[in-house]
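One-letter residues, chain by chain:
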Amino acid sequence: IKATDAIFKNNRIAVYFYDYEYYSHSGFIDCSFISNNSDMDYFVKMKQVHGVGFSLCHFNNSYGTCNGTGIYSFNSGFTVHGRCVSGINPCPDPDWEYGSFTNLYRGIYATAGGSIYFPDVDHISFSENHRAVYFSAMENGSVTNCNIITGTLVGYNSPYGIYLDNSTGYKIEDNTFSQGSNLGIGIVVNNSGGEPNRIYRNYFEGLAFGIMAQQENRAPDGTGLVLKCNEYIGNEYDQVVTWEAEGFMGKSAGIAEEQGADLNAPDAPAGNRFSYTGPTLDDPTDIYNEANDIFYYYHDDDDYPLEPKYYSATIYPEPNNNPLAIWDPEESCPPSDGGGGGTGPDIEGMKSAMATSELKADSVQNIINILKDGGSTEEMKTEVDLSIPPETYAVYNELMNNSPYISDTVMEAAIEKENVLPNVMIRDVMVANPHNAKDDALMEKIEERTNPMPDYMKAQILQGSSLVSVYEKLQSKLAYYKQKRSIAFKSLINHYITDTVNPGGSIDSLIVLLQNENSINAKYRLAFINGEQGVWSEGNAVLNNIPSQFELTVSEADAHSQFTNYYSLLTDLAQEGKVFAEADSLKIEELFEIEAMQTGKSSTYARNILLALGEISYDEPILMPDFLKSAAANNEYEELMKTLEEHYFLKVFPNPAGDYLIVEHNLETEPENVYVEIHNTKGEIVKHTAVTGKQNQKTLNIKELKPGIYITTIYVNDKEVESVKFTKVK
């Protein structure tokens, strides 16, 4: 179908593409899809077709209230683009004309059941749509350079700009989100999993929430969704991370642990610019987080709102003071390669970027492996597990000597070894390993000890948790290089899938790329490519090899089992020569069972097929933040910290300090050998001084210290008793 300057007016469905296994060359240029009555369902509907293009088309509902859907798709790949009027490549921003979606209940509603194809939306204006773009179970979906004005409130449903539901590999960049007739949400990310995804260089103004990331958008190792180089102006809340209050919070809850990195590069810090709306009823408005802890590295530049001021207690902001980590919009937040109409894909450049980033990531990982638990987590855990009371001090020294690189695995074993390691030693080790102090599971283990740890010791542990350790900074470097590699990897995938010059060769290259990629998600994608190629048996072989290739957790094993069931169902349909629309009642019952299991992507795939068949209805969840829960957690933390004020061994003031620091100690007994050391954040001793008496104060000259964060520690008979943080200013 080729349509130019055509008008499709007042149709219930204007264009319907049915299942088509070949590449479609259909295109719509300068077309208008118009409705002014309440009967319109879809302007365009697509099921299992790829290659359809829309250039500078307008989808407009002029009926009084928003209704209908602009484009609905299932398992389809298509483009919705504006047009460059100058023909210059790359096209300058002023030369773009925008397509549009106006006053619709949904602008673009794209779902998938395992297809390798995806929507690509670029230079489109979305105005007063209730919900502009929705992607479900989509791999590599793209929305770039779009202007999105949030639309009307329908019932109690919040309007939003983009919703990513169980999708990954997406490219959401250089879009503008602003308020329409109602306060809305810019972007909602729901369960995008543990892949190193990124939302980058978007602008949010006057919204209720800029970005809302809900449920699981992180891997157990801390990689996951990064919110980078976004600008927020006058929003009620800029970045919100929510977690269902009733659910158990595992290590996959939230977004990537490392937002930005402590690396000597201008693009290493997170680079977000905040609204600074300020706390409302003590609710943090820059970054609100209900899930796992986040380390946030920012450019140290007072002229821009780069440092978060209003944030949850589980956010740990850290300035990146490396000399090259300066704020410059062009260097700190450069455009992605190929965005906005580039000069063509640089395949060798993408491969080189992948290889270089992987090499650097491996180098950092090797350093971590050497330092973590003295080079062997298994050996150190065994040593702790088998220790007996006469070995108490030897085990304690082993843990302290390998700090701050003790893993949560070894720390958990130490906490459980109550007959060997008393509370004071556990306190010392956890203070020396701030990353352990941020682990809620470890703090719960402490609560389970037969001999309860005093509240002031727990407070000392939590006080140390506000520090970002050398170990955690190493982790940020690793995450930075993984993210770099991921960007190049996804760009390669996009090129191979959308290549129309040599599609056969590109698919072959894509298969090789995924065969060499060491991730479960890559193997799942490889299986679906085999299915697209009609070799379902090879896809089943890929899936059957996964349990032997990867060490699956219990939840991953359950998800894989359901994924295999889903793929077998598709295999049966293919062997019967049927498409999903021809599924019989038994197959539909199987889909209902897989959907009901709620085990990851396969359940979403099954749901999307059932939606396409009209068997169910579905309204995507929006998990609003529970500010009361946050307030309760903060109150509990504050009450615990009060015990530290009432019972202390060490105080330092003034804080922040200038040329001098007063150190005050208050010990339980008259000491024999007492001294104080000041360390920088690298763990280096910058000052050492002896102190005397059970209770006393001493003034230290710190004029020569560089501005930054320091740790003051008091030792009694060469044993660390307490550490306190202070800031040295200019």
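Here we summarise the structure given alongside this text. (Residues numbered from 1 in each chain as written. Predicted model: local features only at pLDDT ≥ 70, side-chain atom pairs only at ≥ 80, totals over all residues. Heavy atoms only, no water.)

1. What about the nonpolar core?
Applied cut-off: Residues belong to one nonpolar core when they are buried, are Ala, Val, Leu, Ile, Met, Phe, Trp, Tyr or Cys, and are joined through side-chain atoms within 4.5 Å. With a 1.4 Å probe rolled over the protein chains alone, any residue whose accessible area is under 20% of its type maximum counts as buried; one over 50% counts as exposed, and the rest are partly exposed. Strands are runs of DSSP state E lasting at least 2 residues, helices are runs of H or I lasting at least 4, and numbering of each runs from the N terminus. Contact criterion: two residues are considered in contact whenever any of their non-hydrogen atoms come within 4.5 Å of each other.
Grouped together as the largest cluster of nonpolar side chains are 122 residues, with contacts concentrated most on Phe28, Phe33, Phe54, Phe59, Ile71 and Phe126. The element that contributes the greatest number of residues to this core is helix 12 (residues 520-532), accounting for seven residues. Excluding residues that lie within four positions of it along the chain, phenylalanine 126 makes contacts with Phe101, Ile108, Val121, Ala132, Val133, Cys146, Asn147, Ile148 and Ile149. Grouped together as the second largest cluster of nonpolar side chains are 49 residues, Ala414, Ile426, Val652 and Ile714 included.

2. Quick word on the sheet that holds strand 35 (residues 660-666)
Across a sheet, paired strands are connected by hydrogen bonds in the backbone, their directions being either parallel or antiparallel. Test applied: When DSSP finds two or more bridges between a pair of strands, those strands are recorded as paired. Note on definitions: angles span 0 to 180 degrees between N-to-C directions of axes, and those axes are lines fitted to C-alpha atoms, for helices only across the stretch in contact.
Strand order in the open sheet formed by three strands is 34-35-38, and the pairing between neighbours is antiparallel. Looking at strand neighbours, the two that pair on one side only are strand 34 (650-653) and strand 38 (695-701), the edges of this open sheet. On average, each strand axis in the sheet is tilted by 20° relative to the strand beside it, whichever way the strands run. In the sheet, strand 34 pairs with strand 35 via four bridges, with the strands oriented antiparallel. Opposite valine 652, over in strand 35, you have valine 663 as the bridge partner.

3. Details of the state of the cysteines
For clarity, the cut-off: The definition used for a disulfide is geometric: two cysteine sulfur atoms within 2.5 Å.
By the definition in use, this model includes two disulfides. Note on cysteine connectivity: cysteine 84 is disulfide-linked to cysteine 91, with sulfurs 2.1 Å apart. The sign of the 85° torsion about the S-S bond sets the cysteine 84-cysteine 91 disulfide as right-handed. For the pair formed by cysteine 84 and cysteine 91, the shared burial category is buried. There is a disulfide in this structure between cysteine 229 and cysteine 333, and the S-S distance comes to 2.0 Å. Between cysteine 229 and cysteine 333, the S-S dihedral sits near -85°, and the bridge is therefore left-handed. One end of the pair, cysteine 229, is in the loop between strand 27 (226-228) and strand 28 (231-233); the other, cysteine 333, is in the loop between helix 1 (329-332) and helix 2 (347-371), with 104 residues separating them in the sequence. With respect to class, cysteine 229 is no different from cysteine 333; both count as buried. Looking at cysteine 31, it has no disulfide partner, and the nearest cysteine sulfur is the one in cysteine 57, 4.6 Å off.

4. Quick notes on the packing of helix 12 against helix 14 (residues 554-575)
Note the following rule: By definition in this entry, angles of less than 35 degrees are roughly parallel, angles greater than 145 are roughly antiparallel, angles of 65 to 115 are roughly perpendicular, and the rest are oblique. Gly is put with the polar residues, along with every residue not named as nonpolar or charged; the nonpolar set is Ala, Val, Leu, Ile, Met, Phe, Trp, Tyr, Cys and Pro, and the charged set is Asp, Glu, Lys and Arg.
Remark: helix 12 packs on helix 14, axes separated minimally by 12 Å, with the N-to-C direction vectors making an angle of 5°. With respect to each other, helix 12 and helix 14 are oriented roughly parallel. For the pair helix 12 and helix 14, the contacting residues are Tyr524, Ala527, Phe528, Asn530 and Gly531 in the first and His560, Phe563, Tyr566, Tyr567 and Leu570 in the second. Here the contact of helix 12 with helix 14 is built from residues that sort into seven nonpolar, three polar and no charged.

5. Here's the deal with the pairing of strand 33 (residues 315-320)
Extensive coverage of strand 33 is indicated by the burial of six of its six residues. Burial of strand 33 is two-sided: the residues Ile315, Pro317 and Pro319 facing one way and the residues Tyr316, Glu318 and Asn320 facing the other way are all buried. Sheet topology places strand 32 (residues 294-299) next to strand 33; six bridges connect them, and they run parallel. Bridging across to strand 33, tyrosine 296 finds its partner in proline 317.

6. Quick word on the side chain of glutamine 215
The following threshold applies: Any pair of N or O atoms that falls within 3.5 Å is considered a polar contact. Within protein, one atom must be able to donate a hydrogen and the other to accept it, and sequence-neighbouring residues count only if both atoms are side-chain atoms.
Checked against the element boundaries, glutamine 215 lands in the loop between strand 26 (209-214) and strand 27. Polar contacts involving the side chain of glutamine 215 include one to the main-chain amide nitrogen of glutamate 244, which spans 3.1 Å. If near-sequence neighbours (up to four positions away) are discounted, glutamine 215 is found in contact with Asn190, Asn191, Thr242, Trp243, Glu244, Ser252, Ala253, Gly254 and Leu623.

7. Concerning helix 2
This is how the line gets drawn: Here a helix's expected span is defined as the number of its residues, less one, multiplied by 1.5 Å.
Counted at 1.5 Å a residue, the expected span for helix 2 with its 25 residues is 36 Å, and the 37 Å between its end C-alpha atoms agrees. Within helix 2, the full set of buried residues consists of Ile347, Met350, Met354, Ser357, Ala361, Val364 and Ile368. At its buried positions, helix 2 is contacted by helix 10 (470-498) and helix 11 (503-515). Immediately beyond the C-terminal end of helix 2, within one or two residues, lies aspartate 373, with a positive phi of roughly 55°.

8. Points about helix 8 (residues 440-447)
We apply this condition: Throughout, the arc means the angular range of directions from the helix axis out to the C-beta atoms.
Buried within helix 8 we find Leu442, Met443 and Ile446. The buried side chains of helix 8 occupy one side of the element, clustering within an arc of 100° when seen end-on. Those residues of helix 8 that are exposed and angled more than 90 degrees off the buried face are Glu444 and Glu447. The inward-facing, buried residues of helix 8 contact helix 5 (408-416), helix 6 (423-432), helix 7 (434-437) and helix 9 (455-464). The opening residue of helix 8 is aspartate 439, an N-cap whose side-chain oxygen sits 2.9 Å from the backbone nitrogen of alanine 441.

9. Examining unusual backbone geometry
With the exception of glycine, the majority of residues adopt a negative phi angle, and the majority of peptide bonds are in the trans configuration. Note the cis peptide between serine 403 and proline 404, where omega equals 5°. Tracing the backbone shows proline 404 in the loop between helix 4 (392-401) and helix 5. Between phenylalanine 653 and the following residue, proline 654, the backbone shows a cis peptide bond with an omega angle of -5°. Considering the arrangement of structural elements, one finds proline 654 in the loop between strand 34 and strand 35. If you check the backbone angles, glutamine 48 has positive phi at about 55° while not being a glycine. Mapped onto the elements, glutamine 48 comes out in the loop between strand 6 (42-47) and strand 7 (50-55).

10. Quick word on the packing of aromatic side chains
Heads up, the condition is: Pairing of aromatic side chains requires ring centres within 6.5 Å, counting the rings of Phe and Tyr and the six-membered ring of Trp. Pairs whose planes differ by under 30 degrees are stacked, by over 60 edge-to-face, and all others tilted. When the NZ atom of lysine or the CZ atom of arginine is within 6 Å of a ring's centre and also within 35 degrees of its normal, the charge is said to sit over that ring.
Summed over the entire model, instances satisfying the criterion amount to 39 aromatic pairs. Between the aromatic rings of phenylalanine 43 and phenylalanine 59, the centroid separation amounts to 6.1 Å while the plane-to-plane angle is 50°, which identifies the pairing as tilted. Here the residue phenylalanine 43 occupies a position in strand 6, and phenylalanine 59 occupies one in strand 8 (residues 58-61), the gap between them amounting to 16 residues. Judged by its relative accessible area of 2%, phenylalanine 43 falls in the buried class. A relative accessible area of 0% means that phenylalanine 59 is categorised as buried. A connected cluster of aromatic rings, assembled from ring pairs, spans Phe8, Phe17, Phe28, Phe33, Phe43, Phe54, Phe59, Phe101 and Phe126. If you follow lysine 438 out to its NZ or CZ, it ends over the ring of tyrosine 316, 4.9 Å from the centre. Over the aromatic face of tyrosine 618 sits the side chain of arginine 607, whose NZ or CZ is 3.7 Å from the ring centroid.

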